[in-house]
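Chain residues, written in single-letter form:
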Amino acid sequence: MILALDYGDKNIGLALSDEEEIFSFPVDVIASAEMEKDLHMLEKKLPRFSKITEIIIGLPKNLKNEDTPQTLKVRAFYEKVVLAWPQLKVSLVDERMTSAQHMKNVHAAGGNSKQARSRKDMYEASLLLEHYLTLRKNEKENNCF
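Notes on the structure in this doc start here. For clarity, every value in this text was computed on a predicted model and none was experimentally measured.

Right, let's talk about the side chain of S17 for a bit. Within the fold, S17 resides in strand β2 (residues 11-17). Take S17: its relative accessible area is 1%, and that puts it in the buried class.

Pairing between side chains of opposite charge can happen when their charged atoms approach one another. For the coordinates displayed, the defined rule picks out twelve salt bridges. Where D9 meets K73, a salt bridge forms, and the shortest distance between an N and an O atom there is 3.1 Å. On the criterion of sequence distance, the pair formed by D9 in the loop between β1 (2-7) and β2 and K73 in helix α3 (residues 69-84) is long-range, its members being 64 residues apart. In this structure, E54 and R136 form a salt bridge, with 3.3 Å as the shortest nitrogen-oxygen distance. Here the residue E54 occupies a position in strand β4 (residues 54-59), and R136 occupies one in helix α6 (residues 120-143), the gap between them amounting to 82 residues. Accessibility classification places E54 together with R136 in one group, the buried group.

In terms of burial, β4 is a largely internal element, six of the six residues being buried. With burial as the criterion, each face of β4 is covered, one bearing E54, I56 and G58 and the other bearing I55, I57 and L59. Bridging between β1 and β4 involves four bridges; their strand directions are parallel. Within the sheet, the bridge partner assigned to I2 lies in β4 and is E54. Two strands pair when backbone bridges link them, and β4 and strand β5 (residues 89-94) are joined in this way by six bridges, in the parallel orientation. Residue L59 lies in a different strand from β5, and its bridge partner there is D94.

Cut-off values and rules
Residues numbered from 1 in each chain as written. Predicted model: local features only at pLDDT ≥ 70, side-chain atom pairs only at ≥ 80, totals over all residues. Heavy atoms only, no water. Helix = DSSP H or I, 4+ residues; strand = E, 2+ residues; numbered from the N terminus. Buried < 20%, exposed > 50% of the residue type's maximum accessible area, 1.4 Å probe, protein only. Salt bridge = Lys/Arg side-chain N within 4 Å of Asp/Glu carboxyl O. Pairing = 2+ DSSP bridges.

Dropping the structure here:
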C-alpha cells in the first residue's frame, strides 16, 4: 500500500492505495501542528499502517517549476518523514494542478468552493496518489517492450 500526504500549513490530507496499488482512496485530514508534534500518530490513526510500503508527499512548485516558500516547508517535513520511517520508500511528487483538478471535480459535481474547503486536503492527496499510480503503471507498461 502507498500512503499519500498533502502537506499544508493548517492540515495534512491523507490518501491510501489499495493493496494492489491500483486505486486511490481519500482517508482523512489531520491538523499539521498535531502531526508535526508526533508523526507516529499515523500508525495509530491508520489501522493498516503496517501494510504501507511507500509514502509519497506532494511537492508544491509554481507553474514555472520553481520552488515556493511552501516548497521549503514540505522539504523539511519530508526529511522528518524519512527519519521517522527509514524502512519505507519516501518520495516527493509534483503536486501542481491537484488543487485546480479538485475544484474542477467539485464544480462538476455541483458543489461550491466553500463546501470543497473542509476536506479538500484528503481529496487532493487522493488526486496526487492517483496521478502517481498512473505514472507508475505507464512506466511499467513502457518497460515491457
